[in-house]
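Residue-level structure breakdown
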Amino acid sequence: MPLLTIADALNLALHQEMQRDSRVMVLGEDVGKDGGVFRISDGLIEKYGEDRVVDTPLAESGIVGTSIGLAMAGMRPVAEIQFDGFVYPAFDQLICHAARMRNRSRGKFTCPMVVRFPYSGGVRALEHHSESMEVLYIHTPGLKVVCPSTPYDAKGLMIAAIRDPDPVIFMEPKRLYRSLKEDVPEEDYIVPLGQARVMIEGNDVTVVGWGSMIPIILKAQATLIKENISLEVIDLRTLSPLDTETILASVQKTGRCVVIHEAPRTCGLGAEISALLMEKALFSLKAPVERVTGFDVIPPLMKAEDYNLPDEKRLIAGIRKTLAS
């Protein structure tokens, strides 16, 4: 079983799915000869040729629009957008067409396509390279939204996304691409969409996160366990559809919940989870749900980036506040 990074695991998933299914193809800026800006598609064009690994013009709306047509015609396109903040020119295609095609055609057509891109800050990049705007996609009916935090999940979720009959937004935490390694099976497997993972079982506080926030949660857990504070850690993995059953079961056990995300606080997924717990687990709550988030600002440039991103210190403060309530 090879020891892989998230970048390696995604690359392996693409290789295996393209070998398994001739309908799978990759398109985007520099995905062919250069292997993508983060080398996720490295080696694909040499193996599968220019008909299935397509270097496109710098035109995100064209990349996504072409993918919609390909998907409706029977292909399984995987479109790369180079950075999170570059997706916006393709919103018309995503929101008005890809997300609505099944409903618009009353099931006659679907859009089995993946739009994948690196998201989040922490790498000292510019504003359009450091955003975390997952709620824009979560709020769009018809789109599924996925965000892995480990190499094992990255491969299994990518395979599941490619095989899904509907459009999937696949958000990849860029600062985790090569920061950790994990045993990843070479054989075919999927991580089902819509299923969260209880990474660590605990009794005192449920901490919910995804993507780039998971290592921060694990650091906080390692610190607090020394004080006999027991955290239950949930990695959502899929943000839409949300695994409400896993969240509710955990909070009904612990009575407390902290949600951490680097997206802006207002209308973030943490607010939705807070509302969910108010509606369905109110009498299990021993304290208000605490949100540890990014601020309601444009992603700051390099010198101020660390002030905006949630870190272990802010998370531990939020957990202590919840325990003190």
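For the structure, see preceding data.
Here's what I pulled together on the structure shown here. Only a predicted model underlies this, so the values are computations on that prediction, with no experimental measurement involved.

1. Observations concerning the nonpolar core
Grouped together as the largest cluster of nonpolar side chains are 43 residues, with contacts concentrated most on Phe117, Tyr137, Ile169, Leu236 and Leu277. When contributions to this core are tallied by element, the ones reaching two or more residues are α3 (60–72), α4 (91–98), β5 (114–119), β7 (168–173), α9 (244–254), β13 (257–264) and α10 (269–280). With 34 residues, the next largest nonpolar core counts Ala9, Met18, Val53 and Ile162 among its residues.

2. Side note on the environment of glycine 43
Take glycine 43: it is sitting in the loop between β2 (24–28) and α2 (44–48). The spatial distance from the C-alpha of glycine 43 to the C-alpha of proline 165 is 26 Å, given a sequence separation of 122 residues.

3. Here we look at the sheet that holds strand β9 (residues 197–200)
Spatially, β9-β11-β10-β13-β14 is the arrangement adopted by the five strands of the open sheet, whose pairing is mixed. Because the sheet does not close on itself, it has two edges, and the strands there are β9 and β14 (290–294). Ignoring which end each strand starts from, the neighbouring axes of this sheet average 25 degrees apart. Here β9 pairs with strand β11 (residues 231–235) via three bridges, running antiparallel. The residue of β11 that forms the bridge with valine 198 is isoleucine 234. Sheet strands in contact with helix α8 (residues 214–224) are β9, β10 (205–209), β11 and β13, and its direction is about 170 degrees off that of β11. Lying on the sheet, α10 is in contact with β10, β13 and β14; it crosses β13 at an angle near 155 degrees.

4. Comments concerning the environment of leucine 193
Examined against the element boundaries, leucine 193 turns out to sit in the loop between β8 (182–183) and β9. In this structure leucine 193 touches Lys144, Val146, Leu157, Ala160, Ala161, Asp164, Val168 and Thr238, once residues within four positions along its chain are discounted.

5. Some words on the sheet that holds β2
Consider a sheet: its strands pair through backbone hydrogen bonds, and that pairing is either parallel or antiparallel. Reading across from one edge, β3-β2-β4-β5-β7-β6-β12 is the order of the seven strands in this open sheet, with mixed pairing throughout. Every other strand in the sheet has two partners, leaving β3 (53–55) and β12 (238–240) as the edge strands with one partner each. Each strand axis lies, on average, 20 degrees off the axis of its neighbour in the sheet, ignoring direction. One ladder, built from three bridges, connects strand β4 (residues 76–80) with β5; its direction is parallel. Looking at β5, one finds that valine 78 is bridged to valine 114.

6. Describing helix α12 (residues 312–324)
With 13 residues, α12 extends 18 Å from end C-alpha to end C-alpha; this agrees with the ideal 18 Å at 1.5 Å per step. Taken together, the buried residues of α12 touch β10, α8, β11, β13 and β14.

Definitions and cut-offs
Per chain, residues are indexed from 1 in the order of the written sequence. Two thresholds apply to this predicted model, a pLDDT of at least 70 for residue-level local features and 80 or more for giving and counting side-chain atom pairs, whereas whole-chain, interface and lining totals are computed over all residues. Side-chain metrics in this entry use all non-hydrogen atoms of the structure; hydrogen atoms and water are not considered. Here the nonpolar core consists of buried residues drawn from Ala, Val, Leu, Ile, Met, Phe, Trp, Tyr and Cys, with membership extended through side-chain atoms lying within 4.5 Å. Each residue is assigned to one of three classes by its accessible area relative to the maximum for its type, calculated with a 1.4 Å probe on protein chains only: buried under 20%, partly exposed between the two thresholds, exposed over 50%. Numbering of helices and strands runs from the N terminus, with a helix taken as a DSSP run of H or I at least four residues long and a strand as a DSSP run of E at least two residues long. The pairing criterion for strands is at least two bridges between them, as found by DSSP. Angular values range over 0 to 180 degrees, each being the angle between N-to-C directions of two axes fitted as lines to C-alpha atoms, with helices fitted over their stretch in contact. In what follows, a contact means two residues having at least one pair of non-hydrogen atoms within 4.5 Å. Expected span of a helix, by definition, is 1.5 Å for each gap between consecutive residues, and there is one gap fewer than residues.

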